[in-house]
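Breakdown of the fold
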Amino acid sequence: MIQITGLTKVYRKGAPPAVLDLTFDARPGLVTVLLGDEGAGKSTALRLMLELERGQGVTLFGDRPYHRLRCPEREVGVLLPGPGDGPSMEAGHPGCKARSHLRMLAAAVGVPARRADELLEQTRLAGVAGQRLRAFSPGMHRRLALAAALLGDPGTLLLDAPTEGLSPRNVEWFHSFLRSFAVAGGTVLVTTRIPQEAAQFADRVVTLDRGRMVADQPVSEFCRTRLSPEVAVRGPQMARLADLLVSQGAKVRREGGAGLSVAGIGRTEIGELAYRHGIMLHELADRVVEQPAPRAVLPAASGRTGHLSLQSQAEAEPEQSTDRNADQHPDQHPGKPSERRPDKPSGRRPGRSFEAARRPAVPEPASEGRSRDDAAPPTRALPVASVTAVLPVLGTPAAQQEAPTPTVAVDRLFRDDPAPAATPAKAVEPTGAASAPAAPTPAKPPRRGEGAADLRTDDTVRLRRVGRSKAPATSATPTAPATSATSTPATPAPATPDDHRSE
Amino acid sequence: MRVLAYELRRLRGLRSTWLLLAAVLLCDAIAAAGLASRTPAGPLEAPAGVRLLTAALPLIPLPFAVFGAGLLGALSYGHEVRYPGLPASQVAYSRRVRLLLAKLLVVGSVAAVLALATLLLDAVAVHLALPRGVTVAAWADPAALSGQVSGALDTAGLSALGDLPAVFAPLGLVAGHGVPAALMVFVLLTVVAAWTGVLTASLTRSAVAGVLLLCALPSLLESGVALLLRGSGRPWSSRAAGPLPFRSGIEWAYGWVYGGAREAAAAGNAALTNPALLWAVATPAAVLLLVALLVQARRRAL
């Protein structure tokens, strides 16, 4: 169990923080992935956790910070990129032989040399154990580094970009290894840049954007909201449009009475098609929210604390559920799409200010969102086929994917607070939740339980306040926050805000 | 204990360690033989003998063994910086200090062994390479032996080194009056150089910079001390104020060894226990160690 609270790092005075108030948990039995672009602060966050860099915030491994661990190698295995960056990362001195390198580290850790040989077998390096490291490929270097991290037989693994620049074979090996490590009850915290990779082996995905946490989701939600390149279409003549789309070779799925989700064809094409055939559309939206769709909306100076994310989370929760209810009667908000739409694309744009992001710019999404899609690197545009291939592997229930317009709710969630961050539920214990990505997280965290009534009422009070201040967003749910606070909801999204520890 | 085992394994596992040691021994033997073959005929003076044994070429800043020990130390630390095996486990200050001390201990003892090995090898090489006309006084003449050696010989029941079989002839080179003390100082100097290598590399976090600093240290110290002494008007400063700080650096660094031997010829074995000498050798290393420990407190990695 790693509890990360309020990690903050500012390199220079006045410069934007490399990491700002990062708070989440990595729980045993789960693979937690720290996802973010280059320069998002993943490595800095990891180094801050290990106190390799000075900064603010506390990271508890079990019950003590890293430098207070009596024998850190036996509790936390660490794989940091070596001196060479990226693919050229080296595990050790090029003149060293793999076996002697590992035995040397075994001596430092205080385990017998036998353990080193065992690990060489485990990492499939036994055959080349007698070779010098200068003959090693990046994949072998990385595996050797992993073997070194595992020397003390730790229960926790912290890996910084372990699969970056490796061959698919090695990446696959790493994934399966980390998965099995987590299944055996270990805590794994990995950073990566590639959302698809995160979807493949994570149980929980924490998304960083420029040092700020923008989402903390279970992988099922992550896949649903960030990795499905679909277009949501809504309007009165959907049957006709569906026929047209199918004849164009798109995959069309009905959603509710007046909705379609279309895959395999671009949004502009759909729009054009509809326009040419005189079909009215009420909504036309990309569902592809692959890259940091949500954005840290709060200004940097506000010093986002746990309160805020606590409120927003708990508030967003009922909202989502009511949204689902509402979606079953789609005609309830036929006019809303135009108001809702702009949030997503504008949220994605990096340089946008807060106000701009909030301004409902009606004509924008179609043109701007499209151009962004074009500009996006091809790797990010995950084809539907591969998503559908990935999802079964993950054991994501198909129902999740077909849930009626969950993205709408998530959109809202992001708008109301981009770090909604389904904050991790504390309650998950290694035995129960091992590798159950889509399983509903236990409702009541122990912390809350022990925090007793005052905490609960605290939450309720806050939630009410926020509920009132954000009247339009939560108008339909005046009572829901209270209920959610008192009896934590049974929605699949992890409900339990844990941020009171930063208070 | 663990760090010692780690450091030993590290040194052993690297080919560069062995290459470096072999290169030092080889260069040392070659230089000693070359110097010895050009010795003028006649009895060999004790200081000249020391020069031959330590293979001190006038052109290089440090004798091979001293330089090699310093290089070993600097590489030892540079390895940790360049290829940290488990970087995260060096976060705690106590662990870093422990590793540093282990390095000093291991590298220091390796340096001492290296110095003794070079002396042994050089004694043989010099003995073989000395021209015919050169005589080593200590071999035949008991009066030229240093006090302790003659005492040891007495207890062994021998009157002179010449009574030993001819295989032991190189011993004559190291048993001269005041020579053992000077050689001890040489060994000490090698160890101190190895420590200095570790510590300078620790300060600069780079093996190359550490070695450069190590080479520059004698002359830097010398000019600094000379500046200080000039104020107090000691005669030593005038001698040190050569045109090249480099040359006077050599003078300063090894003057103790060779001058010590020369003085020892007059004053017996006083050289080794001369407090000024020990002070001069130990102070830079101690100051460096202190600075390195202080700097470590500011760091998060080695």
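Residues numbered from 1 in each chain as written. Chains lettered and ligands numbered in written order. Predicted model: local features only at pLDDT ≥ 70, side-chain atom pairs only at ≥ 80, totals over all residues. Heavy atoms only, no water.

Counting secondary structure elements, chain A contains 22 helices and 13 strands. Each of the 503 residues in chain A was classed as buried or not, and the buried ones make up 59%. For chain A, the accessible area works out to roughly 19800 Å², and carbon and sulfur atoms hold 56% of it. (Helix = DSSP H or I, 4+ residues; strand = E, 2+ residues; numbered from the N terminus. Buried < 20%, exposed > 50% of the residue type's maximum accessible area, 1.4 Å probe, protein only. Areas by Shrake-Rupley, 256 points an atom, 1.4 Å probe, with all protein chains shown as cover.)

Moving on: the overall build of chain B. What chain B contains, in helices and strands, is 14 helices and 2 strands. Across the 302 residues that make up chain B, the buried fraction comes to 48%. Summing over all exposed atoms, chain B offers an accessible surface of approximately 13900 Å²; the carbon and sulfur share of this is 72%.

Here we come to the sheet that holds strand β12 (residues 259–263) of chain A. Residue and element names in this part refer to chain A. Across the sheet, which stays open at both edges, the 4 strands sit in the order β11-β12-β10-β13 with antiparallel pairing between neighbours. Bordering the open sheet on either side are β11 (251–255) and β13 (283–286), each of which pairs with just one other strand. Looking at each pair of strands side by side, their axes are set apart by 20° on average, direction ignored. Bridging between β11 and β12 involves 5 bridges; their strand directions are antiparallel. Each bridged residue has a counterpart across the sheet, and for V252 the counterpart in β12 is V262. Taken strand by strand, helix α9 (residues 238–247) contacts β10 (230–234), β11 and β12, and its axis lies near 10° from that of β12. Sheet contacts for helix α10 (residues 267–276): β10, β12 and β13; angle to β13, the most-contacted strand, approximately 165°. (Pairing = 2+ DSSP bridges. Axes fitted to C-alpha atoms, helices over the stretch in contact; angles between N-to-C directions. Contact = heavy atoms within 4.5 Å.)

Further remarks concern unusual backbone geometry. Residues and elements named next belong to chain A. One non-glycine residue, A161, lies in positive phi territory at about 45°. Relative to the elements of secondary structure, A161 occurs in the loop between β6 (156–159) and α6 (168–183). Accessibility expressed as a relative area gives 16% for A161, which makes it buried. The residue R210 is not glycine, and still its phi comes out positive at about 45°. When you line up the elements, R210 lands in the loop between β8 (204–209) and β9 (212–218). Its relative accessible area of 47% is what places R210 among the partly exposed residues.

Let's shift gears to the interface of chain B and chain A. Taken together, the 23 residues of chain B in the interface contact 32 residues of chain A. Interface of chain B and chain A: buried area, both sides summed, is about 2500 Å²; carbon and sulfur atoms make up 62% of it. Seen at the junction of chain B and chain A, the total is 1 salt bridge. Between R95 of chain B and E73 of chain A there is a salt bridge, with its nearest N and O atoms 2.6 Å apart. (Buried area = accessible area lost by both parts, 1.4 Å probe. Salt bridge = Lys/Arg side-chain N within 4 Å of Asp/Glu carboxyl O.)

Residues and elements named next belong to chain A. Within this structure, the stated rule accounts for 4 aromatic pairs over all chains. Summarising the aromatic geometry, the rings of F61 and Y66 are spaced 5.6 Å apart at their centres and angled 70° between planes, so their arrangement reads as edge-to-face. The same class applies to F61 and to Y66, which are both buried. Ring centres 5.4 Å apart and planes at 85° place the aromatic pair W173 and F174 in the edge-to-face group. (Phe/Tyr/Trp six-rings, centres within 6.5 Å; stacked < 30°, edge-to-face > 60°.)

When two helices pack together, their arrangement is captured by the angle between the axes and the distance separating the axes. Residues and elements named next belong to chain B. Where helix α4 (residues 64–82) meets helix α9 (residues 179–204), the axes come as close as 7 Å, and the angle between the chain directions of the two elements is 30°. Taken together, the axes of α4 and α9 lie roughly parallel to each other. Classified by chirality, the crossing of α9 by α4 is right-handed. Across from A65, V66, A69, G70, G73, A74 and Y77 in α4, the residues of α9 making contact are F186, L189, T190, A193, A194, G197, V198, A201 and S202. Broken down by class, the residue content of the contact of α4 with α9 amounts to 11 nonpolar, 5 polar and no charged. (Parallel < 35°, antiparallel > 145°, perpendicular 65-115°, else oblique. Left-handed = near helix turned anticlockwise from the far one by under 90°. Nonpolar A, V, L, I, M, F, W, Y, C, P; charged D, E, K, R; others polar.)

Residue and element names in this part refer to chain A. Along the chain, A184 turns up in the loop between α6 and β7 (187–192). Taking the relative accessible area as the measure of exposure, A184 reaches 68% and is therefore exposed. Along the backbone, A184 and L30 are 154 residues apart, and their C-alpha atoms lie at a distance of 9.6 Å.

What follows deals with the confidence of the model for chain B. Per-residue confidence for chain B gives a mean pLDDT of 77; residues scoring 70 or more make up 72%. Confidence drops under a pLDDT of 50 for residues 235–253 of chain B, and excluding neighbours within four residues, the segment shows 33 contacts in the predicted structure. (pLDDT = per-residue confidence, 0-100.)

Residues and elements named next belong to chain A. Across the two faces of β6 the burial is the same, with T156 and L158 and L157 and L159 all buried. In this sheet, β6 lies alongside strand β5 (residues 76–79) in parallel orientation, the contact comprising 4 bridges. Residue pairing across strands places L79 opposite L159, the latter belonging to β6. Note that β6 and β7 share 4 bridges and pair parallel.

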